[in-house]
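Fold and geometry: a report
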Amino acid sequence: MAERTVRRQARGLKRMAEILDAAELVIAEVGYPEMTTNQVAARAGVSPGSLYQFFRNKEEILDGLVARYTVDRQEFWAARLAGITPEVPLETLVGQLVDESVRFKSASPAYWSLLYGSATGDQLAAASQRLHEDIAGHLAAMLRRRSPGLPEERALLTGTMALATVKAVMPMITSSAPERSAELVNELKLMLVRYLS
């Protein structure tokens, strides 16, 4: 009986993940305001009734996506930044972090659509703010490992500014032609290296 319950729970979690994957694709195509639960159900290959077993409306789908993005990005950046040693050259470090941000943007267009969209309101803004504060804190800790004499407040301000710079430039990078995008990525890396030096 317990084994059957565990299998059912695993199937339920898998189905929820499939629905959220489908929602990401729909949001990337039409935007959150135009997304409907019927579109998400069709994309996920489930009936609307099955979708409603997991998410009663599009707001609950948004809640699921916000939770997914927040946990995923917190775990990724915590692990990624904790593993960086002071021996890694600054240019290499900045290059890796910017390249990862560009990769994530390309792989998760719905995240950025939601982040910069106005229809998702205060909920996503608050989650985004918490996520960015968390990432800035990890950046600050990494900076202090590289420069042990750096005051904690200065490290946090520096991490916050570096993150804000990446966030501000990212829409320009992803909406440009490939050659221009590569140029902007290189310029962003140069700017961050000079700022962090």
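Residues numbered from 1 in each chain as written. Predicted model: local features only at pLDDT ≥ 70, side-chain atom pairs only at ≥ 80, totals over all residues. Heavy atoms only, no water.

Our focus in this paragraph is the overall build of the protein chain. Per the secondary structure count, the protein chain includes 9 helices and 0 strands. The burial tally for the protein chain puts 38% of its 197 residues in the buried class. Summarising the internal contacts of the protein chain: among those between residues at least 6 apart in sequence, 64% fall at separations of at least 24. (Helix = DSSP H or I, 4+ residues; strand = E, 2+ residues; numbered from the N terminus. Buried < 20%, exposed > 50% of the residue type's maximum accessible area, 1.4 Å probe, protein only. Contact = heavy atoms within 4.5 Å.)

Attention shifts here to the confidence of the model for the protein chain. Close inspection of predicted coordinates is inappropriate in any region flagged by low pLDDT. In this model, the protein chain carries an average pLDDT of 86, and 90% of its residues clear a pLDDT of 70 or more. Element-level pLDDT for the protein chain is lowest in helix α6 (residues 109-116), with a mean of 70, against a maximum mean of 97 in helix α2 (residues 37-44). (pLDDT = per-residue confidence, 0-100.)

On the surface, a nonpolar cluster with roughly 270 Å² of combined accessible area is contributed by L157, M161 and Y195. Its place among the elements puts Y195 in helix α9 (residues 178-196). (Patch = residues over 30% accessible without salt bridge, like charges linked within 9 Å, V, L, I, M, F, W, Y side chains within 5 Å. Areas by Shrake-Rupley, 256 points an atom, 1.4 Å probe, with all protein chains shown as cover. Salt bridge = Lys/Arg side-chain N within 4 Å of Asp/Glu carboxyl O.)

Mapped onto the elements, T158 comes out in helix α8 (residues 152-175). By relative accessible area, T158 is classed as buried at 8%.

Its volume calculated, the largest pocket comes out at about 180 Å³. As for the largest pocket, its lining consists of L90, L143, R146, S147, L150, R154, T158, Y195, L196 and S197. Elements supplying a minimum of two residues to the lining of the largest pocket: α7 (121-146), α8 and α9. (1 Å grid on protein atoms, 1.4 Å probe; cavity = no way out; pocket = protein on both sides within 12 Å on 5 of 7 lines; lining within 4 Å. Points joined across faces, edges and corners; volume = space filled by probe spheres on them.)

We describe a pair of aromatic rings using the distance from one ring centre to the other and the angle between the two ring planes. Per the counting criterion, the structure on display carries 1 aromatic pair. Ring geometry for F76 versus W77: centroids 5.0 Å apart, planes at 85°, classification edge-to-face. Here F76 falls in the partly exposed class, since its relative accessible area comes to 24%. A relative accessible area of 8% means that W77 is categorised as buried. In this structure, R73 is placed above the aromatic ring of F76, and the distance from its NZ or CZ to the ring centre is 4.6 Å. The ring of F104 carries the charged tip of R73 above its face, separated from the ring centre by 3.8 Å. (Phe/Tyr/Trp six-rings, centres within 6.5 Å; stacked < 30°, edge-to-face > 60°. Lys NZ or Arg CZ within 6 Å of the ring centre and 35° of its normal.)

Turning our eyes to something else, we now look at the environment of D63. For D63, the position within the fold is in helix α4 (residues 58-82). Sequence separation of D63 and A127 is 64 residues, and the distance between their C-alpha atoms is 10.0 Å.

A word on helix α5 (residues 90-107). Between its first and last C-alpha, α5 extends 26 Å over 18 residues, near the 26 Å set by a 1.5 Å rise per residue. Inspection of α5 places L90, L93, V94, G95, L97, V98, E100, S101, V102, F104 and K105 among the buried residues, and these make up the whole buried set. (Expected span 1.5 Å × (residues − 1).)

What follows deals with empty space enclosed by the protein. Per the stated rule, a full pass over the model turns up 2 cavities of 30 Å³ or more. Approximately 390 Å³ is the volume attributed to the largest cavity. Taken together, 25 residues line the largest cavity, and the ones lying closest to its centre are W77, S101, I135, L163 and V166.

Quick look at the pattern of salt bridges now. By the definition in use, this model includes 12 salt bridges. Residues R68 and E24 are paired through a salt bridge, measuring 2.8 Å at the closest nitrogen-oxygen approach. Here E24 lies in helix α1 (residues 2-30) and R68 lies in helix α4, a separation of 44 residues in the sequence. On the basis of relative accessible area, E24 is assigned to the buried category, the value being 14%. R180 serves as the salt-bridge partner of E183, at 2.9 Å between the closest nitrogen and oxygen. You can see E183 and its partner R180 sitting in helix α9, 3 residues apart, about one turn around the helix. Judged by relative accessible area, E183 falls into the partly exposed class, the value being 47%.

Interaxial distance between α8 and α9 falls to 10 Å at its minimum, and their mutual angle equals 170°. If you check the angle between α8 and α9, you find them roughly antiparallel. On α9, the residues touching R154, L157, T158, M161, A162, T165, V166, V169, M172 and I173 of α8 are S181, L184, V185, L188, M191, L192, Y195 and L196. When grouped by side-chain class, the residues that make up the contact of α8 with α9 number 14 nonpolar, 3 polar and 1 charged. (Axes fitted to C-alpha atoms, helices over the stretch in contact; angles between N-to-C directions. Parallel < 35°, antiparallel > 145°, perpendicular 65-115°, else oblique. Nonpolar A, V, L, I, M, F, W, Y, C, P; charged D, E, K, R; others polar.)

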